[in-house]
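# Chains, contacts and geometry: an overview
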Amino acid sequence: MKFNLLSILIILFFISCASNKQKENKNEKPVAELQIAPNYIHADLEILSVEDTKTPLTIRATILEVLKYGSTIEPIPSGIVVSFHTNDELYKEYANRLKSGKKIRATLRKEPSGMMMNKSNTTNMWKLISINN
């Protein structure tokens, strides 16, 4: 009799613990991950060079890691060299970070075909939207 009563109490204890865990999980608010717009990437980059002799300024960088992709962007492997341009205002704001050898975390937008003057490079040209570090 004592064995049955003890077994029932142990079973009830485990059931009550399990239901408390379920209640705790229901009270937690889900954390929404920010989405990134189509044609954008959020990536860690290492600056290779800055061509500041013409407008728009052109920067070459190695992609260290793409952290997020917009829905229309194909996967980009680490180690790929990309070129992106920026306007004077953004360059002046981040000039100390946009130097050869510096590492940055940035948001880039893929330029649509035919928008750049040198159409042979349009498939690999990006625009710097922001620096996030």
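Residues numbered from 1 in each chain as written. Predicted model: local features only at pLDDT ≥ 70, side-chain atom pairs only at ≥ 80, totals over all residues. Heavy atoms only, no water.

By the definition in use, this model includes 2 salt bridges. Between Asp44 and Arg105 there is a salt bridge; the shortest N-O distance is 2.6 Å. Of this pair, Asp44 sits in strand β1 (residues 40–51) while Arg105 sits in strand β4 (residues 103–110), and the two are 61 residues apart along the sequence. Judged by its relative accessible area of 34%, Arg105 falls in the partly exposed class. For the salt bridge of Arg109 with Glu111, the shortest nitrogen-to-oxygen distance reads 3.2 Å. Exposure remark for Arg109: the relative accessible area of 25% places this residue in the partly exposed category. (Salt bridge = Lys/Arg side-chain N within 4 Å of Asp/Glu carboxyl O. Helix = DSSP H or I, 4+ residues; strand = E, 2+ residues; numbered from the N terminus. Buried < 20%, exposed > 50% of the residue type's maximum accessible area, 1.4 Å probe, protein only.)

Pairing in this closed barrel of 5 strands is mixed, and the strands run β1-β2-β3-β5-β4 around the ring. Between one strand axis and the next, the sheet turns by 55° as a mean value, whatever way the strands run. In this structure, β4 lies alongside strand β5 (residues 125–131), joined through 5 bridges in antiparallel fashion. Looking across to β5, one finds that Ala106 is bridged to Ile131. (Pairing = 2+ DSSP bridges. Axes fitted to C-alpha atoms, helices over the stretch in contact; angles between N-to-C directions.)

Quick look at the confidence of the model for the chain now. With 74% of its residues at a pLDDT of 70 or more, the chain shows a mean pLDDT of 81. Per-element mean pLDDT across the chain ranges from 64 in helix α1 (residues 2–27) up to 96 in β4. In this model residues 119–123 is a low-confidence stretch, pLDDT under 50, and it forms 6 contacts with partners more than four residues away in sequence or in other chains. (pLDDT = per-residue confidence, 0-100. Contact = heavy atoms within 4.5 Å.)

Residues Ile41, Leu45, Phe84, Leu98, Trp126 and Leu128 are the most contacted members of the largest nonpolar core, which totals 23 residues. Every element with two or more residues in this core is listed here: β1, β2 (57–69), β3 (81–86), α2 (88–94), β4 and β5. The biggest single contributor to this core is β2, with 5 residues. In this structure Leu45 touches Ala61, Thr62, Ile63, Leu64, Phe84, Lys102, Lys103, Ile104, Ala106 and Leu108, once residues within four positions along its chain are discounted. (Core = buried A, V, L, I, M, F, W, Y, C linked by side-chain atoms within 4.5 Å.)

Here we take up the side chain of Asp44. For Asp44, a relative accessible area of 15% gives the class buried. At 2.6 Å, the side chain of Asp44 forms a polar contact with the side chain of Arg105. (Polar contact = N/O pair within 3.5 Å; in protein donor to acceptor, adjacent residues only side chain to side chain.)

What follows deals with the pairing of β5. Where a strand is regular, its side chains alternate between the two sheet faces. Counting buried residues along β5, 5 of its 7 residues qualify, which places the element largely inside the surrounding structure. Looking at chain direction, β3 and β5 are connected through 3 bridges and run parallel. In the sheet register, Phe84 faces β5, and the bridge partner there is Trp126.

You can see Ala106 is positioned in strand β4. A relative accessible area of 0% places Ala106 in the buried class. Here the alpha-carbon distance between Ala106 and Ile131, two residues 25 residues apart in the chain, equals 4.3 Å. Excluding anything up to four places from it in sequence, Ala106 contacts Ile41, His42, Ala43, Leu45, Leu128, Ser130, Ile131 and Asn132.

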